[in-house]
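Residue strings, one per chain:
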Amino acid sequence: MIAHQSSPDPLMPFRLLEYAVRIWRRHLDQHPGATRLSTVLPVVVHHNPARPDRPWSAPTGLTDILDLEPGTAAAMAPYLPRLEFLLEDLAAIDINELRAQPLTAEARLTLVVLKSVTSSLRPDVDLDAFADDLAAVINRSDPHDSGEESLFGLIMRYVLLVGTHHQKTTKRCSPASDPPHGRPT
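Quick caveat, the model's predicted, so the values are computed rather than measured. (Residues numbered from 1 in each chain as written. Predicted model: local features only at pLDDT ≥ 70, side-chain atom pairs only at ≥ 80, totals over all residues. Heavy atoms only, no water.)

1. Some words on the overall build of the protein chain
Here is the rule: The helix and strand labels rest on DSSP assignments: H or I over at least four residues marks a helix, E over at least two residues marks a strand, and numbering proceeds from the N terminus. Using a 1.4 Å probe on the protein chains alone, a residue whose accessible area is under 20% of its type maximum counts as buried, one over 50% counts as exposed, and one in between counts as partly exposed. Any two residues whose heavy atoms approach within 4.5 Å are treated as being in contact. The protein chains shown are the only cover counted for residues, whose accessible areas, like all others here, come from Shrake-Rupley with a 1.4 Å probe.
If you tally the helices and strands in the protein chain, you get seven helices and three strands. Scanning the protein chain from its N terminus toward the C terminus, one meets helices and strands in the order β-α-β-α-β-α-α-α-α-α. Put simply, the protein chain has 185 residues, and 29% of those count as buried. Sequence separation of 24 or more characterises 62% of the internal contacts of the protein chain that already satisfy a separation of 6 or more. When the accessible surface of the protein chain is totalled, it reaches about 12200 Å², and 57% of it is carbon and sulfur.

2. Some details on the pairing of strand β2 (residues 43-46)
Spelled out, the test is: Strand pairing follows a simple DSSP-based rule, namely that at least 2 bridges must link the two strands.
Going residue by residue along β2, you find V43 and V45 tucked away on one face and V44 and H46 tucked away on the opposite face as well. Across four bridges, the pairing between β2 and strand β3 (residues 86-89) is parallel. Paired with V44 across the bridge in β3 is L87.

3. Considering the packing of aromatic side chains
For clarity, the cut-off: Stacked, edge-to-face and tilted are the three classes for Phe, Tyr and Trp ring pairs, Trp counted by its six-membered ring, which pair at centre distances within 6.5 Å; planes under 30 degrees apart are stacked, over 60 edge-to-face, the rest tilted.
Inspection of every chain in the model, using the stated rule, returns one aromatic pair. Measuring from centroid to centroid gives 6.0 Å for W56 and F85, while their planes differ by 85°, and the two rings are edge-to-face. Of this pair, W56 sits in the loop between β2 and α2 (70-76) while F85 sits in the loop between α2 and β3, and the two are 29 residues apart along the sequence. As far as burial versus exposure is concerned, W56 and F85 are alike and both buried.

4. Regarding the pattern of salt bridges
Short version of the rule: Salt bridges, as used here, are contacts in which a Lys or Arg side-chain nitrogen is within 4 Å of a carboxyl oxygen on Asp or Glu.
Within the structure shown, the criterion is met by two salt bridges. In this structure, R15 and D9 form a salt bridge, with 2.7 Å as the shortest nitrogen-oxygen distance. Notably, a salt bridge pairs D29 with R25, separated by 3.8 Å at the nearest N-O pair. Taken as a pair, D29 and R25 lie in helix α1 (residues 12-30) at a separation of four residues, close to a single helical turn.

5. Examining the nonpolar core
Basically, it comes down to this: For our purposes a nonpolar core is just a set of buried Ala, Val, Leu, Ile, Met, Phe, Trp, Tyr and Cys residues, chained together by side-chain atoms within 4.5 Å.
V45, L90, L98, L109 and L111 are the most contacted members of the largest nonpolar core, which has 16 residues in total. Of all the secondary-structure elements, those providing two or more residues to this core are β2, α3 (95-100), α4 (105-119) and α7 (151-173). For this core, the leading source of residues is α4, giving six residues. Once residues within four sequence positions are removed from consideration, L111 is found in contact with V45, E88, L90, L98 and L103. In this structure, M12, L16, L62 and L83 belong to the second largest nonpolar core, which totals eight residues.

6. Structural notes on the environment of W56
In plain terms, the rule: Under the rule applied, a polar contact is a pair of N or O atoms within 3.5 Å (in protein, one hydrogen donor and one hydrogen acceptor; residues adjacent in sequence only if both atoms are side-chain atoms).
Its relative accessible area of 10% is what places W56 among the buried residues. As a C-alpha pair, W56 and D89 span 33 residues in sequence and 6.4 Å in three-dimensional space. Among the polar contacts listed, one links the side chain of W56 to the backbone oxygen of A58, at a separation of 2.6 Å.

7. Overview of the confidence of the model for the protein chain
This is how it is decided: pLDDT measures the predictor's confidence residue by residue and takes values from 0 up to 100.
Per-residue confidence for the protein chain gives a mean pLDDT of 77; residues scoring 70 or more make up 70%. Between residues 169-185, whose pLDDT stays under 50, and residues either more than four places distant or in other chains, the model counts five contacts.

What follows is the structure, given as structure tokens:
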């Protein structure tokens with residue numbers, strides 16, 4: 001399970017536990033005789049388009065949000081529900097570190113787009129380094145997909161929607177911005 005989060009949510013561990021319980025409930029409904037639950041790995045991908053330099057600052061574990069005194073929490077720890085989530089904090093990772101991560105081309109390209117399209121006036125500068133990943137995604141895409149159904153289509157849709165909005169906002173907020181397409185105004 002992956003949750004995409006644009007600003008730190010202090011109750012994220014609880015929300016992820018709810019998601020996991022729903023997944024397990026559906027699994028048990030579909031497999032009435034099951035005696036074991038499927039594995040759920042909670043992952044949060046954090047990026048904040050409005051503040052791409054602001055890293056995650058909220059708790060990442062369920063026990064961190066329980067209202068207990070520190071000594072009581074330690075004594076009760078073996079009996080409390082636990083859930084920690086994997087945090088991919090795009091605000092805290094350099095684009096080259098992201099490039100070096102052992103991920104599939106699809107995962108790496110998705111994370112790069114989430115990070116770079118909102119944190120740079122020219123996302124193509126960052127994306128040039130990921131041409132091999134982009135080629136791999138395109139080559140594995142089903143040619144019969146309508147575009148929006150494929151991962152490549154979703155990534156491009158995101159780039160167009162968020163990147164265009166980000167560039168317009170940045171231009172509007174910039175005190176001395178160049179006229180669009182280099183034409184004098």
